[in-house]
Amino acid sequence: MALNELQSVEHSGLGQATRRAHVIGAGPVGLMVAALLQPIEGLSVVLYEKRAGYTRLRMVHLEPYLAADSVESYRDGHIDQDDLQAIFDHDGLKEIIGFRQTIEPDLKALLDEWTLGFCPLNEIEDSLSLLIESRPGSRVQRITGVMSLADVQALVDPGDIVIDCTGRNSLLRDALVPRDDEFEGGENTVNLQVECALVVTFLYDKNYSCNEYCKYYKNSENPNYKFIPSVSRTFYDDDVSCVTGIIRITPDEAELMPTQFRGEWLRENFPEIAASMDNFIARMESETHGQIVGDLDIISIPLNLYHAHNATSRLLRERVESGHPLSTALVFLVGDSAIGSPYFQSISLGFECAMYLAQLFSQPDLDIDEILDLYERYVYKQWMYVYIRSKLIKHHKDIFEVLDDKMGLLELIRLY
Ligand SMILES: Cc1cc2nc3c(=O)[nH]c(=O)nc-3n(C[C@H](O)[C@H](O)[C@H](O)COP(=O)(O)OP(=O)(O)OC[C@H]3O[C@@H](n4cnc5c(N)ncnc54)[C@H](O)[C@@H]3O)c2cc1C
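Thresholds, definitions, all that
- Residues numbered from 1 in each chain as written.
- Predicted model: local features only at pLDDT ≥ 70, side-chain atom pairs only at ≥ 80, totals over all residues.
- Domains from an automatic or database assignment.
- Contact = placed C-beta atoms within 7 Å.
- Nonpolar A, V, L, I, M, F, W, Y, C, P; charged D, E, K, R; others polar.
- Near = placed C-beta within 6 Å.
- Helix = DSSP H or I, 4+ residues; strand = E, 2+ residues; numbered from the N terminus.
- Core = buried A, V, L, I, M, F, W, Y, C linked by C-beta atoms within 7 Å.
- Buried ≥ 20, exposed ≤ 12 C-beta atoms within 10 Å, placed from the backbone.

Examining the domain arrangement of the protein
Then, number 1: Taken as a whole, the protein is organised into domain 1 (3-188 + 309-393) and domain 2 (194-303).
Then, number 2: Centre-to-centre separation of domain 1 and domain 2, based on C-alpha positions: 32 Å.
Then, number 3: Tallying the contact residues gives 12 residues for domain 1 and 11 residues for domain 2.
Then, number 4: Looking at the side of domain 1 that touches domain 2, its residues break down into 7 nonpolar, 3 polar and 2 charged.

If you want it as structure tokens, here you go:
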């Protein structure tokens, strides 16, 4: 299609033409995007995924406000309601929650279920894949294989939608900044390393909860390393809790560790770090007479907070004369390819952006440039919100770690 024809289609809005939407990456967010776009008239979806099956068993927590049915319950689900209110205006939230009420019942039922508690990641991926396949008259074609930037550039026609859901090593993020004199060397990623950490996950056969007092007292025998847990029930059994604890380590310690290992390896190689986790668990067990189900999963990971300056191809479109293959397509980053947050709220964040994008695509009268602008603005707001929240959590964690050291505490706070 010639560019002038493309522009005339675009000015008439999405509703006037059938468009192909290429969703690259079928992790939780890519699958959510595909499931949300599937019922929208005028869109045909192609989903590309390099993995042949879903094997990530780790337990993940989805925020209950994803399933909120009113602005009030959405707000109530946030611990930092003032920040939320400062960033998202009431009318905007009302529209967002209104759209979520129109999500197909099959998908809504899955969201309701997952937000009950911790859920295995591959359960989310498998159920979404099944839902997409089993819907009658499916307009989603799935292709297995690794996509390269050149592949994407070769397959898109002018006016196609490309949604990059390839995760934190995003395929397209850096390709969204034009490489010309003005932008030479321009980066599209802002990345802050928040801390190096061990993430320890296990199941516990009792319904268990742990507030900040509990976290403090259960760490009283841990002078140098603190095991700081997030605890919640599992989505399938009210009596089983999932515990995900973070232990801060130094970059040098991280260098000496594999990325994934069991509790035994930690006990043998880093006994003091292991003791912080074991002391905590021993206290849990003696207080509640429960025990761990299975083994401890431990991951050594740099916890990063990052976002894409440009979450769409808006800049490329301004230079359409450059002939860049993506300048005539509509590219969006969703999920970890757009924003990454360190304290495990990223799937929820990705789902929020996916739902907002679907909300925009479901409005046939919206102009393409308006869609790009609105999506950029929304992703930026989500970034602001998660940035403030993550910095606050990190600051509270730092304070928590020196709570018994008055001078150490004073060094961490700035009053004015
Ligand atoms: C230990 C740990 C615990 C976590 N716990 C939580 C939690 O409790 N709650 C939470 O919200 N988040 C949690 N997270 C983060 C969460 O797992 C990620 O945010 C989430 O997986 C991101 O989803 P995504 O779909 O954006 O990307 P990914 O899950 O990374 O999916 C990307 C997909 O794209 C595919 N892909 C990549 N490149 C290509 C290519 N070139 N061609 C074709 N396919 C490609 C990949 O195979 C993959 O399927 C945790 C992360 C870790 C490491």
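We are not done yet, so read on.
Considerations on the site of the ligand
Then, number 1: Gly25, Gly27, Gly167, Gly335 and Ser346 are the nearest of the 31 residues found near the ligand.
Then, number 2: Broken down by secondary-structure element, the contributors of at least two residues to the shell around the ligand are helix H2 (28-37), strand E2 (43-49), strand E11 (292-308) and helix H14 (346-361).
Then, number 3: Broken down by element, the shell around the ligand gets its largest block of residues, 4 residues, from H14.
Then, number 4: The two domains that each donate at least three residues to the shell around the ligand are domain 1 (3-188 + 309-393) and domain 2 (194-303).

Description of the nonpolar core
Then, number 1: By size, the foremost hydrophobic cluster in this structure holds 90 residues, and its most contacted members are Val33, Ala34, Val334, Ala354 and Leu357.
Then, number 2: Top contributing element to this core by residue count: H14, with 9 residues.
Then, number 3: Shared between two domains, this core holds at least three residues of each, these being domain 1 (3-188 + 309-393) and domain 2 (194-303).
Then, number 4: Excluding anything up to four places from it in sequence, leucine 357 contacts Val33, Phe332, Val334 and Tyr375.

Section: the environment of aspartate 238
Then, number 1: Relative to the helices and strands, aspartate 238 is located in the loop between strand E8 (227-233) and strand E9 (241-249).
Then, number 2: Exposure remark for aspartate 238: the 11 C-beta atoms within 10 Å place this residue in the exposed category.
Then, number 3: Through-space distance from the C-alpha of aspartate 238 to that of glutamine 345 is 21 Å; in sequence the pair is 107 residues apart.
Then, number 4: Not counting residues within four places of it along the chain, the set of residues in contact with aspartate 238 comprises Asn207 and Arg233.

A word on the environment of proline 120
Then, number 1: For proline 120, the position within the fold is in strand E4 (residues 119-120).
Then, number 2: Proline 120 sits 59 residues away from histidine 61 along the chain, and the two C-alpha atoms are 8.8 Å apart.
Then, number 3: Excluding its chain neighbours within four sequence positions, the residues that come into contact with proline 120 are Leu57 and Met59.

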